[in-house]
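If you want the building blocks of each chain, they are given just below.
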Amino acid sequence: MALRLVSDFDLRKDVLPWLRAQRVASAAAGARGGGPGVLENNYESLHILNVERNGNVIYTYKDNKGNVFFGLYDSQTRQNEHLYTFEKDLHVVSCSVNSDRTLLAASLVHSTKEGRKNELQPGSKCLTLLVEIHPVNNVKVLKAVDSYIWVQFLYPYVESHPLPENHLLLVSEEKYIEKFHIQVIQEDGSRVVIKDSGHLPRERVAEDFVWAQWDMSEQRLYYIDLKKSRSILKCLQFSADEKFNLMFEAPLDITLSDSGFKLVNFGCDDLQDQENLSKHLTLCVFTNHTGSLCVCYSPKFDSWEKFTYSVFYFHKGHGKTFTAALGSVDSHVTKGLTFLNLDYYLAVYLPGHFFHLLNIQHPDLICHSLFLTGNSEVVDMLPHSPLQSLSGSLVLDWCSGKLYRALLNQSYLLQFLWNARLDCEKMAVLHCVLSCGGDRQFLEAKIIQWISENISACHSFDLIQEFIIASSYWSICPETSNMDKLLPYSSVLTWNTEIPGITLVTEEIALPFMKVHSFKGYWEKLNSNLEYVKYSKPHLHYNNSMVRKEWHSLISEEKTGRRRSMVYVKNILDNATKVISNLEARNLEPRLTPLFQEEDNHQRLLMGLMVSELKDHLLRHLQGVEKKKIEQMVLDYVSKLLDLVCQIMETSWRKHSLHPCVPHFSGRASAAEFKVFHIMTRILEATKSLFLPLPPGFHTLHTILGVHCLPLHNLLHYIDSGVLLLTETAVTRLMKDLDNTEKNEKLKFSIIVRLPPLIGQKICRLWDHPMSSNIISRNHVKRLLQNYKKKPPSSVIHKSSFSVEFLPLNYFVEILTDIECSNQALYAFEGHDNVDAKFVEEAALKHTMMLLGL
């Protein structure tokens, strides 16, 4: 299934065998009442009460007399420990143990045979007790009231030594939260007792709230109070010294009743009627290490046809309200909506109806989130029992007594990628798979294999383009904060296609107002995200527009023979050399594809310019990161772009069993070469619109395969439309490999006339043919005469080397000879001293004779 639930704890496997062993040992010793004397048929009373910050699980069970036992499962040692026994038939509301396991706080009410457990009987009391358990000793009554109380010890961030002071939160159904300060001392060696238990200092933390959530991992308290009927979300951060600060206030556009009361993650919510979960609102807060802050909200369910829920992306400055169609009217909702935190994603699912995987890093486009309806196998394979999302990815299945780590199932998502029908599903799953991390080389190989088989399967976006951008992003972004704002995440900037089964409305929301001015850790990242939303519009994602302009300028200068400062160009080419060295250092295995076998200055210029522009972009906007680290990140990023192209080429080359050498021009193309040529054309299309560099030698190889695979008129059309780029290396090989048959002459001439002048002149010298001599002569004459000024005729006319009395030609050759003599240094033909007036005369006569058929 799409979610992989990795078991951290299971009451049946991790506790039940220990209880049975304890019972056997107790019976063998003839003990009565000493230890967990549980009857075999009463194990159904066993259930989880709380999960502490260190992962320890507190559970409870009753014997046949109704005595309440408390136990603890140590997540590190995977051992069980009996904490305390109340020898009365009581119902446990809440329980917590301090980090040193010396104090136990519990809130209990009298069990009733009739009526619901969450209704206090008239005159009954809810007892909140503080018990010394190291060893078992005194019991202190903290509260005895007619309303429910929940308890939660604060856990320090450093647990290396016992703490002299403990801090306990008491949450009252009367809508206030208190913090107790409890000092402990040691007596008689290891015995721990409460100091001055009659006068425990307390302070009011919050009051008049209607909803509260505890984040055990980060030691944060979120709560909502109503001010003038407006919901205000607040957050208290408890620090290492157990002080607390109000971190932010944020208005929420949701409707809550001041008569309501709901707690999230203050132990296991056993008091709620689980059968009626679907009738109650759901509200929870999720954060992650990147500084995201999401509030998930689902109002009371009032329709059998559709289900509405909202996600407020405070770190992005907007909220989205989703409406999911439930299908047939008969498909009643009997379970509640579940929200799960999955790091870069959050999952929303209604058992048996839909599964929505929401991208919280990049929530702007709906195509980057995966929505599946009840018709999908994925939805049917998800757990149908209600799950309680604890801190981070920790999930509790209260029905079965199991604690899980909820992770995205990468292998299943890869399999789903092959079967996805809709473009939006392919897009979402591609990004989701890449976000999972793991063995990136294996992952990319699997995706490339899928792309190779489905190269034309997407109509809404380019598969290769999206893969290159997304995979490069995920190779760099997790390592450095704020990179997600600076590097492109997707090649798709807009998405207007509807997603079947769901609609959404996006609205801007008020940003949280930060109440402190010094930030560390998560709060620094959240504040950075909020500052970005306030001041950074339009977006700062890098693009190659400046590179495109500068590259075209350099190529234009090269064609005209002019070039700016050689130092500037050398620095650009040095950048490219560093990229290629970085790429080769990371890929030690020999390549099958014949790439990187030529200089290819045009691609090196593009590489070097991208390195230069991207480095400047990151240096401008990435604060607090060393320049050397930024330079290395840029090299890694550009290297990754090239490497992904190489991987696609390698996969295609290997799949079609092509030889690692560059193909020859002679011979007919095989079916395998046709397929590889098609893949290379798609790669070129993908990189061209984004103006991304290609590995040196790509265009040469592409052209050679093009000559092999295409008829002449198609080949020339590909060249004229810019799909095939003629490189000097490719054309040089063509001139040498092909003989001068009529068909080949036509091909060579068609290629030569399409070359830039400087390269064309070099190539003509390699082709021993009257046609090439004619072209060389024309170019030579053009150069000589472009600045020619007519002079008085010479009195002597030199005799032509040919015994041909053709005065116009003789006169013309005489003029050329005079220009050559007077401007020898300026007009010397580069690298070919034999091109002179005499060469022109001979070429002209040969060409005339050929035209006359002599």
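We now turn to the structure provided with this report. (Residues numbered from 1 in each chain as written. Predicted model: local features only at pLDDT ≥ 70, side-chain atom pairs only at ≥ 80, totals over all residues. Heavy atoms only, no water.)

Structural notes on the nonpolar core
With 152 residues, the main nonpolar core has Tyr-309, Leu-346, Phe-354, Ile-447 and Trp-495 as its most contacted residues. Ranked by the residues each element gives to this core, the list is headed by helix 11 (residues 627-655), at 14 residues. Here Trp-495 is in contact with Leu-365, Ile-366, Cys-367, Asp-423, Cys-424, Met-427, Ser-460 and Phe-461, once residues within four sequence places are set aside. Core analysis: the next-biggest nonpolar cluster, separate from the first, contains 56 residues, Val-57, Val-93, Ile-149 and Leu-170 among them. (Core = buried A, V, L, I, M, F, W, Y, C linked by side-chain atoms within 4.5 Å. Buried < 20%, exposed > 50% of the residue type's maximum accessible area, 1.4 Å probe, protein only. Helix = DSSP H or I, 4+ residues; strand = E, 2+ residues; numbered from the N terminus. Contact = heavy atoms within 4.5 Å.)

Remarks on unusual backbone geometry
Cis peptide bonds are those with omega within 30 degrees of zero, and the linkage from His-134 to Pro-135 qualifies with -5 degrees. Notably, Asp-208 is not glycine yet its phi reads approximately 55 degrees, a positive angle. Here Asp-208 lies in the loop between strand 13 (202-207) and strand 14 (209-215).

Topic: the packing of aromatic side chains
On inspection of all chains with the given rule, the structure shows 26 aromatic pairs. The interplanar angle of 50 degrees and the centroid separation of 4.9 Å between the aromatic rings of Phe-9 and Tyr-73 together place this pair among those described as tilted. Linking Phe-9 in strand 1 (residues 3-10) with Tyr-73 in strand 4 (residues 67-74), this pair joins segments that are 64 residues apart in sequence. Each member of the pair, Phe-9 as well as Tyr-73, carries the same accessibility label: buried. Ring geometry for Trp-474 against Tyr-489: centres 6.3 Å apart, planes inclined by 70 degrees, an arrangement best described as edge-to-face. Of the two residues, Trp-474 sits in helix 6 (residues 463-476) while Tyr-489 sits in the loop between helix 6 and strand 30 (502-508), which places them 15 residues apart along the sequence. The exposure class assigned to Trp-474 is buried, which follows from its relative accessible area of 4%. Each member of the aromatic cluster is reached from another via a ring pair, and the members are Tyr-148, Trp-150, Phe-209, Tyr-223 and Phe-261. One residue, Arg-204, lies across the ring of Tyr-176, its end atom 4.3 Å from the ring centre. Here the guanidinium or amino end of Arg-220 rests over the ring plane of Tyr-522, the centre of that ring lying 4.2 Å away. (Phe/Tyr/Trp six-rings, centres within 6.5 Å; stacked < 30°, edge-to-face > 60°. Lys NZ or Arg CZ within 6 Å of the ring centre and 35° of its normal.)

Some details on the side chain of Asp-225
As for its placement among the helices and strands, Asp-225 is situated in strand 15 (residues 220-227). For Asp-225, a relative accessible area of 7% corresponds to the buried category. Polar contacts involving the side chain of Asp-225 include one to the side chain of Lys-234, which spans 3.0 Å. Residues contacting Asp-225, with those up to four places away along its chain left out, are Asp-208, Phe-209, Arg-230, Ser-231, Ile-232 and Lys-234. (Polar contact = N/O pair within 3.5 Å; in protein donor to acceptor, adjacent residues only side chain to side chain.)

Regarding the environment of Gly-401
Within the element layout of this structure, Gly-401 appears in the loop between strand 28 (394-397) and strand 29 (402-408). Since its relative accessible area comes to 4%, Gly-401 is described here as buried. Taking the C-alpha atoms as reference, Gly-401 lies 9.5 Å from Tyr-59; in sequence the two are 342 residues apart. Those residues in contact with Gly-401, other than ones at most four positions away along the chain, are Phe-9, Asp-10, Leu-11 and Ile-48.

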